[in-house]
Amino acid sequence: MIFITAKFRVRPEDADRWPEIVADFTAATRAEPGCQFFDWSRSVEDPTEYVLVEAFRDDEAGAAHVQSAHFKAAQQTLPPHLAATPRIVNMNIPQDDWSLLGEMAVD
């Protein structure tokens, strides 16, 4: 799968509304057949930083995501709410879901 983590620095005046701002984009992406997961988290240290953890089944699904109408719309609608260009880590990994963290196994 393609595993992606991206950090978004949001303008302070938009930080509390960010989940609302990205709601349509998030819902449309989660509905893509090749989307494994697409989850936002907010930094506990910096309230203007959101982290997106996403995964797509394969290169074809990743390409379909980037070429989708909702991705192209997000390219236009999200930047005005950002304080900086998002930073990203993008890796192909040989698995198709989360692995268990054995060092913290719960009975």
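In this convention, every chain numbers its residues from 1, walking through the sequence in written order. Per-residue local features are limited, in this predicted model, to residues with pLDDT of at least 70; the limit for side-chain atom pairs, both in listing and counting, is 80 or more; totals at the level of whole chains, interfaces and linings are taken over all residues. To obtain the side-chain values, all non-hydrogen atoms of the structure were included, while hydrogens and water were left out.

Engineer: Hey, could you go over the sheet that holds strand E1 (residues 2-9) for me, with residue numbers and the actual values?
Structural biologist: Sheet strands associate in pairs through backbone hydrogen bonding, adopting either a parallel or an antiparallel arrangement. A sheet is described by the order of its strands in space; here four strands give the open sequence E2-E3-E1-E4, paired in antiparallel fashion. Edge positions in the sheet fall to strand E2 (35-42) and strand E4 (87-92), since each has one partner strand and no second. Averaged over all pairs of adjacent strands, the angle between their axes in this sheet comes to 10 degrees, without regard to strand direction. Taken together, the six bridges between E1 and E4 define a ladder with antiparallel strand orientation. Residue pairing in the sheet places Ala6 in a bridge with Ile88 of E4. Packed on one face of the sheet, helix H2 (residues 23-30) meets E2 and strand E3 (49-56) and runs near 155 degrees to E2. Contacts are residue-level and defined by heavy atoms, with any inter-residue pair within 4.5 Å sufficient. Only the stretch in contact is used when fitting a helix axis, every axis being a line fitted to C-alpha atoms; angles between N-to-C directions are given from 0 to 180 degrees. Numbering of helices and strands starts at the N terminus; helices are DSSP runs of H or I of at least 4 residues and strands are runs of E of at least 2. Its contacts with the sheet put helix H3 (residues 59-67) on E1, E2, E3 and E4, and the angle it makes with E3 is roughly 130 degrees. Pairing between two strands is assigned when DSSP locates at least 2 bridges connecting them.

Engineer: Help me get a handle on the layout of surface pockets, residues and values and all.
Structural biologist: The computed volume of the largest pocket comes to approximately 440 Å³. Phe8, Phe25, Glu54, Phe71 and Ile88 are, among the 22 residues lining the largest pocket, the residues nearest its centre. Of all the secondary structure elements, the ones that give two or more residues to the lining of the largest pocket are E1, E3, H3, helix H4 (69-77) and E4. In the lining of the largest pocket, the residues fall into 16 nonpolar, five polar and one charged. Cavity and pocket criteria rest on a 1 Å grid covering protein atoms alone: a 1.4 Å probe that fits but cannot get out defines a cavity, protein on both sides within 12 Å along at least 5 of 7 lines defines an open pocket, and an atom within 4 Å of a point defines a lining residue. Grid points are joined across faces, edges and corners, and a volume is the space filled by probe spheres set on the points. Three residue categories are used. Nonpolar comprises Ala, Val, Leu, Ile, Met, Phe, Trp, Tyr, Cys and Pro, charged comprises Asp, Glu, Lys and Arg, and polar comprises the others, including Gly.

Engineer: Tell me about the packing of aromatic side chains, residues and numbers included.
Structural biologist: Only Phe, Tyr and Trp rings take part, Trp by its six-membered ring, and two of them pair if their centres are within 6.5 Å. Stacked means planes under 30 degrees apart, edge-to-face means over 60, and tilted covers everything else. Within the structure shown, the criterion is met by 10 aromatic pairs. Judged by centre distance (6.3 Å) and plane angle (55 degrees), the ring pair of Phe25 and Phe71 falls under tilted. Here Phe25 is found in helix H2, whereas its partner Phe71 is found in helix H4, with 46 residues between them in sequence. Each residue in the set Phe8, Trp18, Phe25, Phe38, Trp40, Tyr50 and Phe71 is aromatic and connected to the rest through ring pairs, giving one cluster.

Engineer: Please give an account of the UniProt feature "domain: ABM" (unreviewed entry) in the chain that cites residues and values.
Structural biologist: UniProt positions are given in the numbering used here, feature names are shortened, and annotations may be inferred rather than shown by experiment. The positions that UniProt labels "domain: ABM" (unreviewed entry) are, in the present scheme, residues 2-90. Here residues 2-90 runs as 34% helix and 31% strand, with 7 Å between its end C-alpha atoms.

Engineer: Give me H2: which residues, what numbers.
Structural biologist: An α-helical turn contains 3.6 residues, so any two residues separated by three or four positions project in the same direction. Along H2, the positions that sit buried rather than exposed are Phe25, Thr26 and Thr29. Along H2, the residues classed as buried sweep out an arc of 100 degrees about the axis, all on the same side. The cut-offs for exposure are 20% and 50% of the maximum accessible area for each residue type, with area from a 1.4 Å probe on protein chains only; residues under the lower value are buried, those over the upper are exposed, and the others partly exposed. The arc in question is the one spanned by the directions pointing from the helix axis to the C-beta atoms.

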